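Chain residues, written in single-letter form:
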Amino acid sequence: MAISLTPAAATRVEKFLVKRGQGLGLRLGVPTTGCSGMAYTLAFVDALPPAALAFASPGVPLIVDPKSLSYIDCTELDFTKEGLHEGFKFNNPNVKDECGCG
C-alpha cells in the first residue's frame, strides 16, 4: 500500500507549507460527499492524528486515515498547469467512474 507525490506536487506543497509557516505534512482523504458519492480532500496537518497512516514522499509526509486508504491506495498526486488553470490532480488507478462536474 502506497501513496505518492510527483516532484511537481511535492514542490508545490513544500511552498505552501513554507508560506504557512508550519505543518507536518499533507492529509489526503475520501469522505462520502459530492454527486458521485465520494470526493477527494486535501488539508495541511500540524499534528499526526491517532490511527492515521503516514507515507514518506519526497519532501512531504502524506497522511491518510485508514478508512480512505482503500479508495486511494496506489494513488499519485500531481500538480498540473494547463493554460490559466492549475491544481492538484489525483492519478488513482482505483477509480471506476467519475461524475461530470469534475
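In this text, all values refer to a predicted model and were calculated from it rather than measured experimentally.

Caption draft 1: Local environment of the side chain of T6. Mapped onto the elements of the fold, T6 is located in the loop between β1 (4-5) and α1 (7-20). If near-sequence neighbours (up to four positions away) are discounted, T6 is found in contact with E76, L77, D78 and F79.

Caption draft 2: Main features of the nonpolar core. One finds I3, L5, L26, L28, L62 and V64 to be the most contacted residues of the largest nonpolar core, which totals 18 residues. Residue assignment for this core shows that the elements contributing at least two residues are α1, β2 (25-29), β5 (62-64), α2 (66-72) and β6 (76-82). Ranked by residues supplied to this core, first place goes to α1 with 4 residues.

Caption draft 3: Broad picture of the pattern of salt bridges. For the structure shown, the criterion picks out 3 salt bridges. When the shortest N-O distance is used, the salt bridge between R20 and D46 registers 2.8 Å. With R20 in helix α1 and D46 in the loop between β3 (41-45) and β4 (53-55), this residue pair connects regions lying 26 residues apart in the sequence. Residue E86 pairs with K81 through a salt bridge whose shortest N-O separation is 4.0 Å. Through salt bridges that share partners, R12, K81 and E86 make up one connected network.

Caption draft 4: Layout of the sheet that holds β2. Here we have 4 strands laid out as an open sheet, ordered β3-β2-β5-β4, and mixed in their pairing. Bordering the open sheet on either side are β3 and β4, each of which pairs with just one other strand. Strand-to-strand twist of the sheet, defined as the mean angle between neighbouring strand axes without regard to direction, takes the value 30°. Where β4 and β5 come together, 3 bridges link them in antiparallel fashion. Across the sheet, L53 pairs through a bridge with V64, a residue of β5.

Procedures and definitions
- Each residue is numbered by its place in its chain's sequence as written, counting from 1.
- Whole-chain, interface and lining totals are the exception, using all residues; otherwise, since this is a predicted model, local features are given only for residues with pLDDT of at least 70 and side-chain atom pairs are given and counted only at 80 or more.
- Excluding hydrogens and water, the side-chain values take into account all heavy atoms of the structure.
- Secondary structure elements follow DSSP: runs of H or I no shorter than four residues count as helices, runs of E no shorter than two count as strands, and numbering proceeds from the N terminus.
- By definition in these notes, contact holds between two residues if any of their heavy atoms fall within 4.5 Å.
- Throughout this description, the term nonpolar core refers to a set of buried Ala, Val, Leu, Ile, Met, Phe, Trp, Tyr and Cys residues connected via side-chain atoms within 4.5 Å.
- Note on exposure labels: buried denotes an accessible area under 20% of the residue type's maximum, exposed denotes more than 50%, and partly exposed covers the range between, all computed with a 1.4 Å probe on protein chains only.
- A pairing counts as a salt bridge when a side-chain nitrogen of Lys or Arg comes within 4 Å of a carboxyl oxygen of Asp or Glu.
- Strand pairing is assigned whenever DSSP identifies at least 2 bridges connecting the two strands.
- What counts as an axis is a line fitted to C-alpha atoms, over the stretch in contact for a helix, and the angles between N-to-C directions run from 0 to 180 degrees.

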